[in-house]
Amino acid sequence: MMTRIAPLRTFAILLLVVPLTNRAGDYTPITVDMRLEQITPDVYYVQGAAGVATDNQGFVSNSGFVITRDGVVVFDALGTPALAHALLKLIRARTDQPIRRVYTSHYHADHVYGLQVFKEAGASVHAPLGAGDYLASEIAVERLEERRFSLDPWVDENTYLVPPDEIISHSSSFELGGKRFTISYQGKAHSDGDMMMLVEPDLVLFSGDLIFEGRIPFIGNGDTRHWLETLERLETTGLRALVPGHGPASFEPAATLSLTREYLAFLRDSLGRGVEELMSFDEIYAATDWSRFAHFPAFDAGNRINAYQVYLSLESEMLGQ
Ligand SMILES: [Zn+2]
């Protein structure tokens, strides 16, 4: 991968992944509430608030962990090192087993800025194909600079992006301490690369941002066509619980799945009709009845930009790009 990157870009990446000073473990404490929720005797998660990425000291996404007889597996690393440090303390209150692995559902700031804490605690980092694209992107550089400002002091000059130890490009399973973990790679759906983790025998699925609960999903540069196909294929029968990337864990996974699926389908249908009739974005947006989704948190902050992203991608799809 590195050979394809221009020298200047390589320098930018080095700045991103190397801490400027060595101050491991010294994180400004968070003052927001982070409560541990237990799903099964060995599976836990913390739930971020339903805000934009810089609300609530950056605690807007979920993270979970699984305790086995042979160590702990973490899923997603939260949006600041300070949050991850608080999560690590909650893990340590439950077990002194080593943190073996961290799986990241995808490389977006709200899920990976805490990786350095788990890496420094000895875990290996596992991420879907697409993480490399993110790490090499201008967006990654600009986002970190912006968050050092907007999430100061929880993101600072000692915050750095951790490149994965393993890139995952196909689905596989492994066993650890009496549990079976199935990592399913989903390709480019919500982001440049997404994956989920199923824990057995607990039958808990961590879906990352392929599924949002109780709020409007964030679309960003997602591929809504593939995302929707992924959700239509996803089998939830037999699951005990589903932990989405944002919002509360669900004990009715099929119903939870339907919010994200229906929202994506609605965006694609209503904007698609307008694009075919060569209407402008503003005309389509004004003519669409949004009442089905308008009461969900994050609607005001996110719906119009989501709709615009889908409009642009539908135009590209129509042109065969
Ligand atoms: Zn997210």
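Quick note: structure is the one above.
Residues numbered from 1 in each chain as written. Predicted model: local features only at pLDDT ≥ 70, side-chain atom pairs only at ≥ 80, totals over all residues.

What the five strands build is an open sheet, ordered β8-β9-β10-β11-β12; its pairing is mixed. Of all strands in the sheet, those with a lone pairing partner are β8 (172-176) and β12 (241-246), marking the two edges. The mean angle between the axes of side-by-side strands here comes to 25°, regardless of whether they run parallel or antiparallel. Bridge count for β8 against strand β9 (residues 179-187) is five bridges, and the pairing is antiparallel. Its bridge partner lying in β9, Ser-173 is registered against Thr-182. (Pairing = 2+ DSSP bridges. Helix = DSSP H or I, 4+ residues; strand = E, 2+ residues; numbered from the N terminus. Axes fitted to C-alpha atoms, helices over the stretch in contact; angles between N-to-C directions.)

This part covers the sheet that holds strand β4 (residues 71-75). Spatial ordering of the open sheet is given by β1-β2-β3-β4-β5-β6-β7, a layout of seven strands whose pairing is mixed. The open sheet has two free edges, formed respectively by β1 (37-40) and β7 (166-168), since each of these has just one partner strand. Ignoring which end each strand starts from, the neighbouring axes of this sheet average 20° apart. Where β1 lies against strand β2 (residues 43-46), three bridges are found, and the strand directions are antiparallel. When the sheet's bridge partners are listed, Gln-38 is paired in β2 with Tyr-44.

Here the focus is the environment of Arg-147. Position of Arg-147 among the secondary structure elements: in helix α6 (residues 138-150). Residues Arg-147 and Gly-178 lie 31 residues apart in sequence; the distance between their C-alpha atoms is 39 Å. Among residues more than four places away in sequence, those in contact with Arg-147 are Ala-109 and Val-155. (Contact = placed C-beta atoms within 7 Å.)

Below, the discussion takes up the nonpolar core. With 84 residues, the main nonpolar core has Val-74, Ala-77, Ala-84, Val-102, Phe-118 and Met-197 as its most contacted residues. Looking at which element gives the most residues to this core, the answer is helix α8 (residues 253-276), with seven residues. What Val-74 contacts, discounting residues up to four positions off in sequence, is Ser-63, Phe-65, Ile-99, Val-102, Phe-118 and Ala-123. (Core = buried A, V, L, I, M, F, W, Y, C linked by C-beta atoms within 7 Å. Buried ≥ 20, exposed ≤ 12 C-beta atoms within 10 Å, placed from the backbone.)

Here α6 contains 13 residues, and its C-alpha end-to-end distance of 18 Å stays within 8% of the 18 Å for a straight helix at 1.5 Å per residue. Those residues of α6 not exposed but buried are Ala-140, Arg-143 and Arg-147. For α6, the angular spread of the buried residues around the axis is 65°, confining them to a single face. Away from the buried face of α6 by more than 90 degrees, exposed residues Glu-138, Glu-142, Glu-145 and Phe-149 are located. (Expected span 1.5 Å × (residues − 1). Arc of directions from axis to C-beta.)

Functional significance is not addressed by these values, which are geometric in nature.
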